[in-house]
Amino acid sequence: MNQTTIAREVKGVGIGLHKGEPISIKLEPLEAGVGIVFYRSDLGISYEAKPENVIDTQMATVIGDHRGYVSTIEHLMSAINAYGIDNVRIVLDANEAPVMDGSSIGFCMMLEEAGIKELDMAKKILVIKKPVEVKEGNKFVRLSPTDMPIINYTIEFDNPIIGKQNYCFEFSKENYINEIARARTFGFLKDVQALRAMNLGLGGSLENAVVIDDNRILNSEGLRFKDEFVRHKILDAIGDLTLLGCRVFGDYTSYAGSHKLNHLLTKELLKDSSAYEVVSLEKSAYKVYEKVFA
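Just so we're clear, the structure is a prediction, and the values are computed from it rather than from any experiment.

## Some words on the packing of aromatic side chains
Now for step 1: One pass over the full model with this rule turns up five aromatic pairs.
Now for step 2: Taken together, the ring pairs in this structure connect Phe157, Phe186, Phe188 and Phe229 into an aromatic cluster.
Now for step 3: Above the face of the tyrosine 39 ring, arginine 89 is positioned so that its terminal group lies 4.5 Å from the ring centre.

Below, the structure is given as structure tokens:
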């Protein structure tokens, strides 16, 4: 259970969700102990994927500073987490990651093409030692100790198409690919129209999002899962928690969570050193962790 990176460089091109312009993306191997780094090739600026570098969570998870930013990183981060990649450089020539088809399966395919290379340093995981929770009204997100990581997510919308949905996800790479990776982002037609009035969401289409208009789905092919909406929220949460720097060994529970609450949860967790322990998997005593993250 050593740290990993990708075995070879891979490239791709996709549309940006907000600007609607083509974006080139390149994934490059990195040495052990560096982590996940975003590089804006158009600006010559790098950003580490860490909670302290998050500058916005209103519509997506955004990292950056006064010089620039990288938006909509959560789907790519989610796939990187699922594949157990500890170190990788993500090169982009624009201020957002490409939206692909609105899910993370395109990024999974890139990682499959790149392959995985083991490095000469033990993998580390973050073990939750006591519950940590963040609330906003009746909404909440929580991390708690566990013997087998489970994501228990509930959403509730005042809309007949979505309504109330719950999904319990047992974390593993195989389960992620089969149950989560293909779940697309979603939105309401009235919100799409409002975004475009603000010159945002210009790359959004029925090719990369599930769009709902009152009581019907506009996508001709329908849903990929009957509960695709809550599955996509799980996809987002996995990506947001990846900013902690190593995979989390704990249960995640949410009711109506968001990028904002996920970010606040990572900050709340890191404030209390008694709430977690960073464990190196070089010790045989941690075989239980190896089984989950193999």
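## A short note on the domain arrangement of the chain
Now for step 1: Taken as a whole, the chain is organised into domain 1 (2-122) and domain 2 (125-292).
Now for step 2: Just the C-alpha atoms count here: the centres of domain 1 and domain 2 sit 18 Å apart.
Now for step 3: At the interface, 37 residues of domain 1 touch 38 residues of domain 2.
Now for step 4: Both sides of the domain 1 and domain 2 interface together cover about 2,900 Å² of buried area, and 62% of this is carbon and sulfur.
Now for step 5: It is Pro51, Asn81 and Ala82 in domain 1 that bury the most area against domain 2; as a group they hold 19% of the surface buried on that side.
Now for step 6: For the interface between domain 1 and domain 2, the tally reads one salt bridge.
Now for step 7: A salt bridge links aspartate 101 to arginine 224; the nearest nitrogen and oxygen atoms lie 2.9 Å apart.
Now for step 8: Counting across the domain 1 and domain 2 interface gives 18 residue pairs in polar contact (both at pLDDT 80 or more).

## Thoughts on the nonpolar core
Now for step 1: Counting residues in each nonpolar core, the largest one holds 69 residues, and the members touching the most others are Leu27, Phe38, Ile90, Phe169, Tyr176, Tyr252 and Leu269.
Now for step 2: Per-element tally for this core: the top contributor is helix α5 (residues 228-241), with seven residues.
Now for step 3: Summarising the domain contributions, this core has at least three residues from each of domain 1 (2-122) and domain 2 (125-292).

## A word on the sheet that holds strand β13 (residues 139-144)
Now for step 1: Strand order in the open sheet formed by five strands is β12-β13-β20-β14-β15, and the pairing between neighbours is mixed. Since the sheet does not close on itself, it has two edges, and those belong to β12 (132-136) and β15 (164-170), each with one partner. For this sheet, the mean inter-axis angle between neighbouring strands, taken without regard to orientation, is 5°.
Now for step 2: In this structure, strand β14 (residues 150-156) lies alongside β15, joined through seven bridges in antiparallel fashion. From the neighbouring strand, glutamate 156 faces β15, where its bridge partner is lysine 164.
Now for step 3: Sitting on the sheet, helix α6 (residues 259-271) is in contact with β12, β13 and β20 (251-255), with an inclination near 140° to β12.

## Overview of the UniProt feature "binding site: Zn(2+)" (unreviewed entry) in the chain
Now for step 1: Residues annotated by UniProt as "binding site: Zn(2+)" (unreviewed entry) correspond here to His75, His232 and Asp236. Across 162 residues, the annotated set stays spatially compact, with a maximum C-alpha separation of 9.4 Å.
Now for step 2: Mapping histidine 232 onto the fold places it in helix α5.
Now for step 3: Those residues in contact with histidine 232 that lie beyond four places of it in its chain are His75, Gly102, Ala183, Arg184 and Thr185.
Now for step 4: Within the structure, the side chain of histidine 232 is placed 3.2 Å from the side chain of histidine 75, a separation counted as a polar contact.
Now for step 5: Looking at the element boundaries, aspartate 236 is found in helix α5.
Now for step 6: Sequence-distant contacts of aspartate 236, defined by excluding residues within four places in its chain, comprise Glu74, His75 and His259.

Conventions adopted
- Residues numbered from 1 in each chain as written.
- Predicted model: local features only at pLDDT ≥ 70, side-chain atom pairs only at ≥ 80, totals over all residues.
- Heavy atoms only, no water.
- Phe/Tyr/Trp six-rings, centres within 6.5 Å; stacked < 30°, edge-to-face > 60°.
- Lys NZ or Arg CZ within 6 Å of the ring centre and 35° of its normal.
- Domains from an automatic or database assignment.
- Contact = heavy atoms within 4.5 Å.
- Buried area = accessible area lost by both parts, 1.4 Å probe.
- Salt bridge = Lys/Arg side-chain N within 4 Å of Asp/Glu carboxyl O.
- Polar contact = N/O pair within 3.5 Å; in protein donor to acceptor, adjacent residues only side chain to side chain.
- Core = buried A, V, L, I, M, F, W, Y, C linked by side-chain atoms within 4.5 Å.
- Buried < 20%, exposed > 50% of the residue type's maximum accessible area, 1.4 Å probe, protein only.
- Helix = DSSP H or I, 4+ residues; strand = E, 2+ residues; numbered from the N terminus.
- Pairing = 2+ DSSP bridges.
- Axes fitted to C-alpha atoms, helices over the stretch in contact; angles between N-to-C directions.
- UniProt positions renumbered as here; feature names shortened; annotations may be inferred.

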